Amino acid sequence: MQTVAFDYKEAVKDVFVTAVEKPVKSGIYLLLSGSAIYAIFNNPDEDSHAMRVTEYSTELATVSRSVMNPKSADCLSQRQSAVHYGLLRRLNLALFSILWIDNYDKTCTSYLASCPSLKVPWREVPPRIVDFGFLNRWFLLERQMKDYDVNPDEWKQLDEKLS
């Protein structure tokens, strides 16, 4: 037991010696390590996604259908359906997360849902990707909801009337 403690003591001592000898390299390693730890602790999960979808749905409900962006409405409708039916899956890659839509609910016990040979193959996952999460943000959801209160078709109709 004492040899293990001695080894750790020497390792810590070597870290400090190296930090004094090469401060730039040590600073870069410290910055990268700290950034990775911060990203890991702020990796978004399904609950944060569901919360953001609910918040955006509430905001979208305050907008008239005539000025509502149909892409934003479709995006929220698709995500709400996926959450409701339990089809949304999260792939946790430590620093960031990927949300994708599966064929069946996690609790479904039918043969089609539980057979390993019939599960969605990895090559078919990319078209099913719904969002990328990093630092407590869901980027594709935010992009879809950016102009949720601007209907591009409304302007086309107005241009036709003016012409």
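Residues numbered from 1 in each chain as written. Predicted model: local features only at pLDDT ≥ 70, side-chain atom pairs only at ≥ 80, totals over all residues. Heavy atoms only, no water.

### Things to note about the confidence of the model for the chain
The condition is simple: pLDDT is defined as a per-residue confidence score from the predictor, taking values between 0 and 100. Numbering goes from the N terminus for both helices and strands, where a helix is a DSSP run of H or I of at least four residues and a strand is a run of E of at least two.
Looking at the chain, the pLDDT average stands at 88 and 95% of residues meet or exceed 70. Ranking the elements of the chain by mean pLDDT puts helix α7 (residues 152–162) last, at 71, and strand β4 (residues 137–138) first, at 96.

### Digging into helix α4 (residues 70–84)
Spelled out, the test is: By this rule the span expected of a helix is its residue count minus one, scaled by 1.5 Å. Each residue is assigned to one of three classes by its accessible area relative to the maximum for its type, calculated with a 1.4 Å probe on protein chains only: buried under 20%, partly exposed between the two thresholds, exposed over 50%. Throughout, the arc means the angular range of directions from the helix axis out to the C-beta atoms. Every residue pair with non-hydrogen atoms within 4.5 Å of one another is taken to be in contact. Under this definition, polar contacts are N or O atom pairs within 3.5 Å; protein pairs additionally need one hydrogen-donor-capable and one acceptor-capable atom, and for neighbouring residues in sequence, both atoms have to be side-chain atoms.
Over its 15 residues, α4 runs 21 Å from end to end, which matches the ideal 21 Å to within 8%, given 1.5 Å per residue. Taken residue by residue, α4 has Ser72, Cys75, Leu76, Arg79 and Ala82 as its buried positions. All buried residues of α4 project into a common sector of 130° when viewed along the axis, lining one side. α4 presents Asp74 and His84 as exposed residues on the side facing more than 90 degrees away from its buried surface. On its buried side, α4 packs onto α3 (46–61), β1 (88–92), β2 (97–101), β3 (129–134) and α6 (139–144). Here α4 starts with a cap whose side-chain oxygen sits 3.0 Å from the backbone nitrogen of Lys71, and that cap is Asn69. Two residues or fewer after α4 comes Gly86, characterised by a positive phi angle close to 75°.

### A closer look at the sheet that holds β1
As a reminder, the rule being used: Note on pairing: two strands pair once DSSP finds at least 2 bridges between them.
One open sheet accounts for four strands, arranged β1-β2-β3-β4; its pairing is antiparallel. Of all strands in the sheet, those with a lone pairing partner are β1 and β4, marking the two edges. The pairing of β1 with β2 spans five bridges and is antiparallel. Bridging across to β2, Arg89 finds its partner in Trp100.

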